[in-house]
Amino acid sequence: MRALTLSEALLARAAGRRDASPGDLLTCRIDKCLATDITAPLSIEVFRKMGARRVARPESLILVNDHFVPAKDIASANFARAMREFAQEQKVGQYFEVGRSGICHALVAERGLVSPGEIFVGADSHTCTAGALGAFATGVGSTDLAAVWALGELWFRVPETVRVVLDGALRPPVTSKDVILKVLSEIGVDGGRYMAIEFAGDGLASLPMEARLTLCNMAVEAGAKAGLVPPDAVTARWVAEKGGTLDLALSPDSGARYAQTLTVELSKLEPLVAVPFLPSLVRPARELRGTVVDQVFIGSCTNGYLPDLRDAARILKGRKVADGVRLIVTPATQDVYLAAAREGILSDLVEAGAAVTTPTCGACLGGHMGVLGSGETALATTNRNFRGRMGDTSSRVYLANPLVAAATAVAGTISLPEDLP
Amino acid sequence: MPRIALLPGDGIGPEVTAEVVKVLEALRSRGIPLEWEVFGSSADTYLTTGSALPEDVFQRLSAYDAIFAGAFGDPRIPDSAHAREILLGLRFRLDLYVNLRPVRLLCEEHTPLRNRGLGDVEFLILRENTEGPYVGAGGGFKTGTPDEVATDISLATRRGVERILRFAFAAAASKPRRRLAMADKHNALRHTSGLWFRLFKALKEEYPEVDARHYFADNLACQMVLDPTQFEVIVTDNLFGDLLSDLGAALAGGLGLAPSANLNPETGKALFEPVHGSAPDLAGRESANPSAALLSAALMLDHLRCADWGSRLREAVRACLRAGRTTRDLGGVLSTSAAGDAVVRELLYGADSP
């Protein structure tokens, strides 16, 4: 026996073992698995090629319409149709149709579909978002996912763990987005390659679940296999409210061995911006003041949550989006959309001149609902700013938190809330 | 090799006892010689044979160096006759006259007292365990009629009182402040408490190094709440000890964290049990807090002289509680089993472990 990091403990148990060390190859039982309208069709094809007829555990499947819905063209309509038919054929209970859906990672957390302690894989790289609940959550290829459907299990190499200790508390307008940008700036886009990033420290207690989802969401931008927040009272409250169970929750051991430990002083952070073309090219937002933008996008599985929209509306209420700028806001899920409508957030945004879309991944990956044209510049609350990520390969994307995004939409150039009149 | 009898008992008893077994296994993996045997359900034994502690079982149990009991209380036996038979039976028949109830605050937020921190609530209660009104001497007359009479006779023997007092003086003498508080009610209970008070005064002469003070039991209860820092060792009789030890447990976070030992220092016989009950409503839900059981096991390791593993286990329990790696009742999110695993790993591989 040895002391275990959270991901070591979770993978060991899922493999029916007491221990696991980095490098071990384990076959783990998969508690939940996810596919979307753009990845499920590939998995379905592979599933058939494998000769599989029935999914091993229909109750473990989650199928979400989120990328190109409402269907943006005939091809995406047929993708969605393939997934819909597969869900019916395999009697998948957790199938989410457009209008009752949302961006899969937000939806999974908000509906309590994944619980602390579970092993969760998804055919989408940002599946690591659910690590905020204390699950081991990671993205896999569509082929791997087909194997999970057929067998209910998957092998993993146990990752090493990087520990990120959060000290103190954030001061507005700094958010958890800035925390993860800071981490990325320190370790780089490959600094966490095939590692688990485990968050720790007294600063966690002050971060609500949505802020934790943002943190873990971008773990993959460091190349990490997973991002994890050990479950605590915030987690317990979330589970009590949203559903799910604490039965499988585990904590890391105090003597666990970490490949690296990084400390972030939350009170010393300032709003940050990742500049083209890497999430790790991070600079203080104040140094980028004056950068002209064509579009501001607020949404995504990184920052499309209700507190994010609240932040944006607080800045935009009573103000107008600058001439020459398009502001697109995409609530992460239908529930976020509805809550934002009830709170009056949507009317504040629309009055300011925002185009509010239905929940989708569209704009973030340059799919639809806000694609950038050639030479255009956007500031977005999303997670990736690689060349061409949101549209034309000559377009440029800056990444920031929702408060900076809203202030930028009003000013027309990269700005901080304090810059606004 | 020390031999331990495990009586998991009822309700959550088996769940918390399973976590104790993990600790014993971990120690054995570290080369600590230990042997244990798990006994079956005493409730089942009671329901099938009419006795929870048949003679052969008692004989077997009395051969062990230590007995660990999980918790007793089964909905099938509403009056808990089996629990009384086994616990009181072992206490009386093995003459386990010292009931040792350490009170120690492990996390500031667990105490209901305002402005009290670690170290402020830390003392040892020694409760006489074989006498007082719990010996079953008494009776009823005209039961169920308006003239009904009921008595329980409180018993105090010179031998019984003197031995627990001597144990208490010796315990206090080994503490840093050498402070002993003795609680009785000799102002009202002139015979039994009178005997306690007379023997206490006499022994004070024999232990001049001990700062021994007398309290009336009611005042002692007040003082425990008003200023728990004044106590180091408290000794009292069975009835007052019953009440005061639960008050002490409450000051340190409740019965869910309270361990206990029942000892006969002369014969070396001993029974260890968490103070909490069997909580049948929690049973099978993996939500019971194993801390009290593990802290009781730590007392058992002290008793069995397993080097300093008793202290290490206490520190491991404390480290896990302070890190929030515990069950939901104390603000954690872990199941009983995960909380037990956390303690075992802390014990063997914790940041502060050797």
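Because the structure is predicted, anything quoted here is derived from the model rather than measured.

### As for the overall build of chain B
- Summing up its helical and strand segments, chain B has 11 helices and 12 strands in all.
- For the C-alpha atoms alone, the extent of chain B along its principal axes is close to 55 × 50 × 40 Å.
- Burial analysis of chain B (354 residues in total) assigns 51% to the buried set.
- Sequence separation of at least 24 residues holds for 74% of the intrachain contacts in chain B that already meet a minimum separation of 6.

### Examining the overall build of chain A
- The secondary structure content of chain A amounts to 13 helices and 18 strands.
- If you line up chain A on its principal axes, its C-alpha atoms span 60 × 50 × 40 Å.
- Each of the 421 residues in chain A was classed as buried or not, and the buried ones make up 59%.
- Sequence separation of 24 or more characterises 77% of the internal contacts of chain A that already satisfy a separation of 6 or more.

### Let's talk about the nonpolar core
- Within the largest apolar cluster, 269 residues are counted, with the highest numbers of intra-cluster contacts made by A:Leu63, B:Phe68, B:Leu126, B:Ala168 and B:Ala297.
- Among the elements that take part in this core, helix H9 (residues 291-303) of chain B stands out by supplying 9 residues, more than any other.
- When residues of this core are sorted by domain, at least three fall in each of domain 1 (1-103 + 258-354) and domain 2 (112-252) of chain B.
- Excluding residues that lie within four positions of it along the chain, B:Ala297 makes contacts with B:Val20, B:Val23, B:Phe68, B:Phe272 and B:Leu313.

### Thoughts on the sheet that holds strand E8 (residues 179-184) of chain B
Residues and elements named next belong to chain B.
- One open sheet holds the 10 strands; their spatial order is E2-E1-E3-E12-E11-E4-E5-E10-E8-E9, and the pairing between them is mixed. Of all strands in the sheet, those with a lone pairing partner are strand E2 (35-38) and strand E9 (211-216), marking the two edges. Here the average twist between neighbouring strands, direction ignored, is 20 degrees.
- Strand direction decides the pairing type here: E8 and strand E10 (residues 233-236), joined by 4 bridges, are parallel. In the strand pairing of E10, Leu180 is matched with Val233.
- Across the sheet, helix H5 (residues 158-173) lies against strand E4 (98-104), strand E5 (122-128), E8 and E10, angled at about 165 degrees from E5, the strand it touches most.

### Some points on the sheet that holds strand E11 (residues 260-265) of chain A
Residues and elements named next belong to chain A.
- In space, the 4 strands of this open sheet follow the order E10-E9-E8-E11, with parallel pairing throughout. Two strands in the sheet have a free side with no partner beyond their single neighbour: strand E10 (226-228) and E11. Within this sheet the neighbouring strands show an average axis-to-axis angle of 20 degrees, counted without direction.
- Pairing of strand E8 (residues 160-167) with strand E9 (residues 195-200) involves 6 bridges; the strand directions are parallel. Paired with Thr161 across the bridge in E9 is Ala196.

### As for the interface of chain B and chain A
- With 19 residues of chain B in contact, the opposing surface of chain A contributes 18 residues.
- If you tally residues by element for the side of chain B that touches chain A, the top one is helix H11 (residues 336-349) of chain B, at 6 residues.
- For the side of chain B that touches chain A, the per-class residue count stands at 9 nonpolar, 5 polar and 5 charged.

### What to know about the domain arrangement of chain B
All names here are of chain B.
- Assigned domains within chain B: domain 1 (1-103 + 258-354) and domain 2 (112-252).
- Relative to domain 2, the C-alpha centre of domain 1 lies at a distance of 25 Å.
- Taken together, the contact between domain 1 and domain 2 spans 15 residues of the former and 20 residues of the latter.
- Sorting the residues of the side of domain 1 that touches domain 2 by element identifies helix H4 (81-93) and E4 as the ones contributing at least two each.
- Across the side of domain 1 that touches domain 2, the residue classes tally to 10 nonpolar, 2 polar and 3 charged.

### A few points about unusual backbone geometry
- With omega at -15 degrees, the peptide bond leading from A:Val69 into A:Pro70 counts as cis.
- Residue placement: A:Pro70 occurs in the loop between strand E3 (61-64) and helix H3 (74-89).
- Here the residue pair A:Pro276 and A:Phe277 is connected by a cis peptide bond, since its omega of 5 degrees sits within 30 degrees of zero.
- Positive phi, close to 50 degrees, is recorded for B:Arg178, a residue that is not glycine.
- Along the polypeptide, B:Arg178 turns up in the loop between H5 and E8.
- The backbone phi angle of B:Ala307 is positive, close to 45 degrees, even though this residue is not glycine.

### A short note on the packing of H9(B) against helix H10 (residues 309-322) of chain B
Residues and elements named next belong to chain B.
- Relative to each other, H9 and H10 sit at 160 degrees, their axes nearing to 7 Å. Considering the angle they form, H9 stands roughly antiparallel to H10. At the point where H9 passes H10, the crossing takes the left-handed sense. Here H9 contributes Ser291, Leu294, Leu295, Ala297, Ala298, Leu299, Leu301 and Asp302 to the contact with H10, which in turn contributes Trp309, Gly310, Leu313, Arg314, Val317 and Leu321.
- Looking at the contact of H9 with H10, its residues break down into 10 nonpolar, 2 polar and 2 charged.

### Focus: the pairing of E5(B)
Residues and elements named next belong to chain B.
- E5 sits mainly inside the fold: 6 of its 7 residues count as buried.
- In this sheet, E5 lies alongside E4 in antiparallel orientation, the contact comprising 7 bridges. Bridged to Val103 within E5 is Phe123.
- Of the pairings in the sheet, the one linking E5 to E10 comprises 4 bridges and is parallel in character. Bridging from a neighbouring strand, Leu124 pairs with Val233 of E10.

### Remarks on the environment of A:Leu207
Residue and element names in this part refer to chain A.
- Structurally, the position occupied by Leu207 is in the loop between E9 and helix H7 (209-217).
- Leu207 gets classed as buried once you count the C-beta atoms within 10 Å, which come to 23.
- Filtering out sequence-adjacent residues up to four positions away, Leu207 remains in contact with Ser176 and Arg212.

### Let's talk about the environment of A:Asp190
- Note on placement: A:Asp190 falls in the loop between helix H6 (176-187) and E9.
- In this structure the C-alpha to C-alpha distance between A:Asp190 and A:Val220, which are 30 residues apart in sequence, comes to 9.3 Å.

### Some details on helix H12 (residues 345-352) of chain A
All names here are of chain A.
- Inspection of H12 places Ile345, Leu346, Asp348, Leu349 and Ala352 among the buried residues, and these make up the whole buried set. Each buried residue of H12 lies within a common arc of 160 degrees when the element is viewed along its axis, so the set occupies one face.
- In this structure, the buried side of H12 is in contact with helix H10 (306-316), strand E15 (326-330), helix H11 (334-342) and strand E16 (354-356).
- Note on H12: the residue one or two positions beyond its end, Gly353, has a positive phi of about 110 degrees.

### Considering the packing of helix H1 (residues 13-29) of chain B against H9(B)
Residues and elements named next belong to chain B.
- For the pair H1 and H9, the least separation of the axes is 8 Å and the interaxial angle reads 45 degrees. Classified by the angle their axes make, H1 and H9 are oblique. Crossing of H1 against H9: the hand is right-handed. Contacts between H1 and H9 pair Val16, Thr17, Glu19, Val20 and Val23 from the former with Ala293, Leu294 and Ala297 from the latter.
- Of the residues in the contact of H1 with H9, the class split is 6 nonpolar, 1 polar and 1 charged.

Parameters and conventions
- Residues numbered from 1 in each chain as written.
- Chains lettered and ligands numbered in written order.
- Predicted model: local features only at pLDDT ≥ 70, side-chain atom pairs only at ≥ 80, totals over all residues.
- Helix = DSSP H or I, 4+ residues; strand = E, 2+ residues; numbered from the N terminus.
- Buried ≥ 20, exposed ≤ 12 C-beta atoms within 10 Å, placed from the backbone.
- Contact = placed C-beta atoms within 7 Å.
- Core = buried A, V, L, I, M, F, W, Y, C linked by C-beta atoms within 7 Å.
- Domains from an automatic or database assignment.
- Pairing = 2+ DSSP bridges.
- Axes fitted to C-alpha atoms, helices over the stretch in contact; angles between N-to-C directions.
- Nonpolar A, V, L, I, M, F, W, Y, C, P; charged D, E, K, R; others polar.
- Parallel < 35°, antiparallel > 145°, perpendicular 65-115°, else oblique.
- Left-handed = near helix turned anticlockwise from the far one by under 90°.
- Arc of directions from axis to C-beta.

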